[in-house]
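Okay, here's what each chain looks like letter by letter:
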Amino acid sequence: MAKENVQKLLNQEVANLNVLYVKLHNYHWFVKGHLFFTLHEKFEELYNDVTLKMDEVAERLLTIGGKPYATMKQYLEHTTLEEGDSTIPADKMVKQLIADFNQLNKEFEEAMAAAEEAGDEATSDMFLGMKSDFEKHVWMLNAYMG
């Protein structure tokens, strides 16, 4: 039962990271205004980071016998995040990303606890590293917002 719970939580993060990836691309393409050059580049940096994490989570799930979600329909059915809205102002894009990274960090903590309970130290360690990275993203985005 504990192993299945870990697989379920991994798959939720597969969905979340894919939705976040699309959101970051959306914001990258449609950010406007005096913040364009800075945020256009930052959003690209973030979606590249999320791409690596998405793949790492899916491969970890496969490693422990799970089957990662692999369609947009599955991602949208299982995500805890909202899709991006390209019509919002740049500062709201940043605020939404801060909220998303904070949400994922909370979920990573839950997944770490479940993995530890299941004796899956590798999954727990993977999420700890991701949590650390996302905490840094939150810090930087908050600093950017002043």
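About the thresholds
Residues numbered from 1 in each chain as written. Predicted model: local features only at pLDDT ≥ 70, side-chain atom pairs only at ≥ 80, totals over all residues. Heavy atoms only, no water. Helix = DSSP H or I, 4+ residues; strand = E, 2+ residues; numbered from the N terminus. Buried < 20%, exposed > 50% of the residue type's maximum accessible area, 1.4 Å probe, protein only. Areas by Shrake-Rupley, 256 points an atom, 1.4 Å probe, with all protein chains shown as cover. Lys, Arg positive; Asp, Glu negative; His and termini not counted. Charge placed at Lys NZ, Arg CZ, Asp CG, Glu CD. Phe/Tyr/Trp six-rings, centres within 6.5 Å; stacked < 30°, edge-to-face > 60°. Core = buried A, V, L, I, M, F, W, Y, C linked by side-chain atoms within 4.5 Å. Contact = heavy atoms within 4.5 Å. Axes fitted to C-alpha atoms, helices over the stretch in contact; angles between N-to-C directions. Parallel < 35°, antiparallel > 145°, perpendicular 65-115°, else oblique. Left-handed = near helix turned anticlockwise from the far one by under 90°. Nonpolar A, V, L, I, M, F, W, Y, C, P; charged D, E, K, R; others polar. Salt bridge = Lys/Arg side-chain N within 4 Å of Asp/Glu carboxyl O.

Trainee: So, the overall build of the protein: which residues are in play, and what are the values?
Mentor: Counting its secondary structure elements, the protein contains five helices and zero strands. Referenced to the eigenvectors of the C-alpha coordinate spread, the extents of the protein come out at roughly 50 × 30 × 20 Å. Counting over 146 residues, the protein shows a buried share of 46%. For the protein, the exposed area adds up to about 7900 Å²; of that, 53% sits on carbon and sulfur atoms. Measuring between centres, the 14 positive side-chain charges of the protein sit 4 Å from its 25 negative side-chain charges.

Trainee: Go over the packing of aromatic side chains, please, and point to the residues and values.
Mentor: Considering all chains together, one arrives at six aromatic pairs under this definition. With a centroid separation of 5.2 Å and 80 degrees between ring planes, the pair formed by Phe 36 and Phe 37 is classed as edge-to-face. With relative accessibility at 26%, the residue Phe 36 sits in the partly exposed group. Ring-pair connections join several aromatic residues into one group, and the members of that group are Phe 101, Phe 108, Phe 127 and Phe 134.

Trainee: Break down the nonpolar core for me, with residues and values.
Mentor: One finds Phe 43 and Phe 127 to be the most contacted residues of the largest nonpolar core, which totals 42 residues. Counting residues per element, the ones that place at least two in this core are α1 (2-30), α2 (36-63), α4 (90-117) and α5 (121-145). Ranked by the residues each element gives to this core, the list is headed by α4, at 12 residues. Not counting residues up to four positions away in its chain, the partners in contact with Phe 43 are Leu 24, Tyr 27, His 28, Val 31, Met 93, Val 94 and Leu 97.

Trainee: I'd like to hear about the packing of α1 against α5, residue by residue, with values.
Mentor: Direction vectors running N to C along α1 and α5 enclose 30 degrees, while the axes themselves pass 12 Å from each other. Classified by the interaxial angle, the pair formed by α1 and α5 is roughly parallel. Here α1 runs over α5; the crossing is left-handed. When α1 is examined against α5, the residues Val 6, Leu 10, Glu 13 and Leu 17 are found in contact with a partner set consisting of Thr 123, Met 126, Phe 127 and Phe 134. Looking at side-chain class alone, the contact of α1 with α5 contains six nonpolar, one polar and one charged residues.

Trainee: Any details on the side chain of Ser 124? Residues and values, ideally.
Mentor: Of note, Ser 124 is situated in helix α5. The class of Ser 124 is buried, set by a relative accessible area of 5%. Residues within four places of Ser 124 in sequence aside, it is in contact with Met 112, Ala 115 and Glu 116.

Trainee: Could you give an account of the environment of Glu 135, naming the residues involved and the relevant values?
Mentor: Among the structural elements, Glu 135 can be located in helix α5. Glu 135 sits in the partly exposed class, given a relative accessible area of 39%. Each C-alpha atom, one on Glu 135 and one on Lys 8, is 23 Å from the other, the two residues being 127 residues apart in sequence.

Trainee: Now, about the pattern of salt bridges: what can you tell me, with residues and values included?
Mentor: Overall, the coordinates contain seven salt bridges when judged by the stated rule. With a closest N to O distance of 2.7 Å, Asp 49 and Lys 53 form a salt bridge. Of this pair, Asp 49 and Lys 53 both sit in helix α2, four residues apart, which is roughly one turn of that helix. This pair shows no difference in class: Asp 49 is buried, exactly as Lys 53 is. Between Arg 60 and Asp 120 there is a salt bridge, with its nearest N and O atoms 2.7 Å apart. With a gap of 60 residues between them, Arg 60 in helix α2 and Asp 120 in the loop between α4 and α5 connect regions that are remote in the sequence.

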